[in-house]
Amino acid sequence: MSETVPAKGAAKPPPAATLRRIERHAGALATSAAARMDETLPWFRALPADQRSWVMLVAQAGVRSLVEWLRSGGVVAATTQEISDEVFAAAPRALARSLTLTQTVQLIKVTIDVAETEVAALAAPGEEEPLLQAILKFSREIAFSAARVYARAAESRGAWDARLQALLVDALLRGDSSDVLASRAAALGWADAPPVAVVVGRSPGGDITAVLHAVYRAARRARIEVIGGVHGDRLVVVMGGATDPVATAEALAGSFGEGPIVVGPAVPSLDQATVSARAALAGFRAAPAWPGAPNPVAADDLLPERALAGDMEARRTLRHDAYGALARAGTGLLETLDAFFAAGGVLESAARELYVHPNTIRYRLKRVTEVTGLSPLDGRDAFALRIALTVGRLDPAT
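In this text, all values refer to a predicted model and were calculated from it rather than measured experimentally.

(A) Region of the structure containing the packing of aromatic side chains. Summed over all chains, the structure comprises two aromatic pairs. Ring centres 6.3 Å apart and planes at 80° place the aromatic pair tryptophan 43 and phenylalanine 44 in the edge-to-face group. In this structure phenylalanine 44 comes out as buried when scored by relative accessible area, which is 2%. Between the aromatic rings of phenylalanine 340 and phenylalanine 341, the centroid separation amounts to 6.0 Å while the plane-to-plane angle is 50°, which identifies the pairing as tilted.

This is the structure:
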């Protein structure tokens, strides 16, 4: 009968006597490891009984895998990975969610320490040193296997979180009930830190999980809460705890693709974020009409472009907050604005048209700024005021 030849680069398998001793001591070794964990790891003592039993299963599977690995001579190949992966297959996947990677590494270290102290009892005479080296080598394989388990769990969790975030953002855009928003946000651990604002920009493309990971990394640096989702070519991010939404969006700008980034108005909580989301989306569609816009830009700064693009909320805001405010203020402010714009922004010409002193025009223009927050002497504000006058006359308030 031919003798099995070890693979090239593999260690010589330990004597059969050593393997038999390890097999006989497998249960005791696992029990000793659990006892040592109980002594040295406070968090292990606090684990529920079912999770402690899972750890025992993993420890016993580890000893069995060590025997198989030693029998193969510690071949470093695909078989080695399969053997070490079987250790963690002995416990439910829930164990990876119950224990952190750091805690799992601590468990492995304790088990290996116990195995090292038992080398003299496990090894055949003269085989103590080779067995110790083999155990240390196998512990490296187990550590890599643990890393693979947690990496797979993280990928799965990341994909699920990305899906949940996409559903939440979709619910926001559709204007779903606050109960739907609250339940989905709670599943993601959202704390609803006020104020809340929605940011819309172009997605950089590529894997969605990677895109959202970049958003989260930037949010941690900015010390804010975020939930994000990719919808088509758009990246939608809900920010919580951003006292200055536009400045905070600047910190997240690197996570977006090229093009405008539009920030919706701040609202008190997530259940009102639909208002912010609609404004941000409308602003994103209208932003190309203002090539010189800052980036990021507030959706409220794009009211004229949004109104021209058919956004009814922007038309209502301009009609009420600009045209309506001027009409209510009286004292000829609308008439003065008409004359000022008709004169191309020349005070003296507007004064002659209205038969008043230029200082009267200056005073009224100052009142316009006080009433609307828009200065007729500023080119951008003047454009917004002209659109507001047009909208106000086309859509008279009821």
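Text resumes after the structure shown.
(B) Seen up close, the nonpolar core. Counting 30 residues, the largest nonpolar core has Ile22, Met37, Phe44, Leu70, Leu107, Leu131 and Ile135 as its most contacted members. Of all the secondary structure elements, the ones that give two or more residues to this core are α1 (16-24), α2 (26-40), α4 (49-71), α7 (101-117), α8 (119-122) and α9 (128-174). The next biggest cluster of nonpolar side chains, apart from the first, holds 26 residues, and it includes Val262, Ala280, Ala287 and Leu302.

(C) Main features of helix α12 (residues 245-252). For α12, the set of buried residues is Pro245, Thr248, Ala249 and Leu252. Looking down the long axis of α12, one finds its buried residues gathered within 105° of arc, a one-sided arrangement. Check the buried side of α12 and you find it contacts β1 (196-202), α11 (208-222), β2 (225-231), β3 (234-240) and β4 (262-263).

(D) Fine view of the sheet that holds β4. Reading across the sheet, the five strands line up as β2-β3-β1-β4-β5 and stay open at both edges, with mixed pairing between neighbours. If you trace the sheet from one side to the other, it starts and ends with β2 and β5 (297-298), each paired once. Pairing of β2 with β3, which is carried by seven bridges, proceeds in the antiparallel orientation. Residue glycine 229 lies in a different strand from β3, and its bridge partner there is valine 236. Relative to the sheet, α11 contacts β2 and β3, its axis offset from that of β2 by approximately 155°. Running over the sheet, α12 touches β1, β2, β3, β4 and β5 and is turned about 125° from β3.

(E) Quick look at the environment of alanine 115. On the secondary structure map, alanine 115 appears in helix α7. With 93 residues separating them along the chain, alanine 115 and isoleucine 22 place their C-alpha atoms 9.9 Å apart. Each residue touching alanine 115, except ones within four places of it in the same chain, is listed here: Leu29, Leu122 and Ile135.

(F) Quick peek at unusual backbone geometry. In this structure, the amide linkage connecting proline 194 to the following residue, proline 195, adopts the cis form with an omega of -10°. For proline 195, the location among the structural elements is in the loop between α10 (178-187) and β1. Each neighbour pair has its own omega, and for asparagine 295 with proline 296 the value is 5°, a cis peptide bond. Position of proline 296 among the secondary structure elements: in the loop between α13 (273-286) and β5. Residue tyrosine 355 is not a glycine yet carries a positive backbone phi of 60°. Along the chain, tyrosine 355 falls in the loop between α17 (347-354) and α18 (358-372).

Criteria and thresholds
Residues numbered from 1 in each chain as written. Predicted model: local features only at pLDDT ≥ 70, side-chain atom pairs only at ≥ 80, totals over all residues. Heavy atoms only, no water. Phe/Tyr/Trp six-rings, centres within 6.5 Å; stacked < 30°, edge-to-face > 60°. Buried < 20%, exposed > 50% of the residue type's maximum accessible area, 1.4 Å probe, protein only. Core = buried A, V, L, I, M, F, W, Y, C linked by side-chain atoms within 4.5 Å. Helix = DSSP H or I, 4+ residues; strand = E, 2+ residues; numbered from the N terminus. Arc of directions from axis to C-beta. Contact = heavy atoms within 4.5 Å. Pairing = 2+ DSSP bridges. Axes fitted to C-alpha atoms, helices over the stretch in contact; angles between N-to-C directions.

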